[in-house]
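Read off the chains here:
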Amino acid sequence: MKRIKLISIFTILFVVLMCKTSLCIDKDDGYGKDVWINNISDNDLKIRVIDVNIIEEKINIDNTYNASAIITMNVANNGRCDIELSNIDIYPYQGGKPTKYFVSTSKDNISGFIGNIKTGDSKNIKIGVALHNTNENIKLEMSNIEDVANETVIKSIKVK
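Residues take numbers from 1 onward in each chain, read along the sequence in its written order. Restriction of local features to residues with pLDDT of at least 70 applies here, the model being predicted, together with a cutoff of 80 or more for giving and counting side-chain atom pairs; totals for whole chains, interfaces and linings are based on all residues. Water and hydrogen atoms play no part in the side-chain values, which are based on all heavy atoms of the structure.

Moving on, we get to the pattern of salt bridges. Salt bridges are identified by distance alone: a Lys or Arg side-chain nitrogen within 4 Å of an Asp or Glu carboxyl oxygen. Across all of its chains, the model carries 1 salt bridge by this definition. Between Lys100 and Asp62 there is a salt bridge; the shortest N-O distance is 3.3 Å. With Lys100 in the loop between strand E9 (97-98) and strand E10 (101-102) and Asp62 in the loop between strand E4 (59-61) and strand E5 (63-65), this pair connects stretches of sequence that are 38 residues apart. A helix here means a DSSP run of H or I that spans at least four residues, while a strand means a run of E at least two residues long, and both kinds are numbered starting from the N terminus.

This paragraph deals with the side chain of Thr72. Its place among the elements puts Thr72 in strand E6 (residues 67-77). Burial classes follow relative accessibility: with a 1.4 Å probe on protein chains only, a residue under 20% of its type's maximum area counts as buried, one over 50% as exposed, and anything between as partly exposed. The class for Thr72 is buried, based on a relative accessible area of 12%. Contacts are assigned to residue pairs that have any heavy atoms within 4.5 Å of one another. Sequence-distant contacts of Thr72, that is, excluding residues within four places in its chain, are made with Arg48, Val49, Ile50, Asp51, Ile125 and Lys126.

This brings us to the sheet that holds strand E8 (residues 88-94). In spatial order, the strands read E9-E8-E13-E14; together these 4 strands make up an open sheet with antiparallel pairing. Here the strands that pair on one side only, and so sit at the sheet edges, are E9 and strand E14 (152-157). The sheet contact formed by E8 and E9 spans 2 bridges and is antiparallel. Considered in E9, the bridge of Gln94 is made with Lys97. By this definition, two strands are paired if DSSP reports at least two bridges between them.

Attention now moves to the nonpolar core. Here, the term nonpolar core denotes a set of buried Ala, Val, Leu, Ile, Met, Phe, Trp, Tyr and Cys residues that are joined through side-chain atoms within 4.5 Å. Residues Ile71, Met73, Phe113, Ile127 and Leu140 are the most contacted members of the largest nonpolar core, which totals 25 residues. Within the residue set of this core, elements represented by two or more residues are strand E3 (45-55), E6, E8, strand E12 (122-131) and strand E13 (138-144). In this structure, Ile59, Ile70, Phe102 and Ile110 belong to the second largest nonpolar core, which totals 6 residues.

Burial along E14 is one-sided: Val153, Lys155 and Ile157 are buried, and none of Thr152, Ile154 and Ser156, which face the opposite way, are. Pairing geometry for E13 and E14, over 6 bridges, is antiparallel. From the neighbouring strand, Ile138 faces E14, where its bridge partner is Ile157.

Quick look at unusual backbone geometry now. Even without being glycine, Asp62 reaches a positive phi, approximately 65°. You can call Asp62 exposed: its relative accessible area is 69%.

The next subject is the confidence of the model for the chain. Every residue is assigned a pLDDT by the predictor, reflecting its confidence on a scale from 0 to 100. Looking at the chain, pLDDT values average 76 and 74% of them are 70 or higher. Taken element by element, the predicted model of the chain shows its lowest mean pLDDT in strand E1 (residues 22-27) (41) and its highest in E12 (89). Low pLDDT, under 50, characterises residues 20-33; the predicted model gives this stretch 50 contacts beyond four residues in sequence or across chains.

Next up on the list: the side chain of Ser68. Mapped onto the elements, Ser68 comes out in strand E6. With a relative accessible area of 5%, Ser68 lands in the buried category. For Ser68, the contacting residues outside a window of four places in its chain are Asn53, Ile54, Ile55, Glu57, Ile59, Phe102, Val129, Ala130 and Leu131.

For E13, a buried count of 5 out of 7 residues is recorded, marking the element as mostly surrounded by other parts of the structure. Inspection of the sheet shows E8 paired to E13 by 7 bridges, in the antiparallel sense. Residue pairing across strands places Ile88 opposite Asn144, the latter belonging to E13.

In this structure, Val129 sits in strand E12. Owing to a relative accessible area of 0%, Val129 belongs among the buried residues under this scheme. In the structure, Val129 is positioned 11 residues away from Leu140 in sequence and 9.4 Å away in space, judged by C-alpha atoms. Beyond its immediate sequence surroundings of up to four residues, Val129 is in contact with Ser68, Ala69, Ile71, Pro92, Thr99, Lys100, Phe102, Ile138 and Leu140.

Set out below in structure tokens:
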């Protein structure tokens, strides 16, 4: 009986450790850091900030913000499985205050984290972030909803 319980505990522990999803950050010289999102195999999804385009005109999304930024990211799937991008939650902040994340299908093609990325593929994604001002860095809080450990990464992006 003890042997069965011991085998069961080790099996459950093994399954939890193998299915764990996490976020971690690596250093980069461009906009600061790359975001890695791991699933069963290491280095499944790499997110790199390519460009930040500031639009200095007021925008109204529930509140009125002084400006907005279009953040272009390259997302590459280096893992063995296709990955659903909508599992990545993004919460932007500026100066300790929450801002809004928005997508649009207009002329800028601000598509956001939508769709699948097949193994070995990469694509550029644009997201919009409302800004309180253009002097402070944008902080993106990223988390994977499939993450068992519920880990979150905060990525700081220079506005200017």
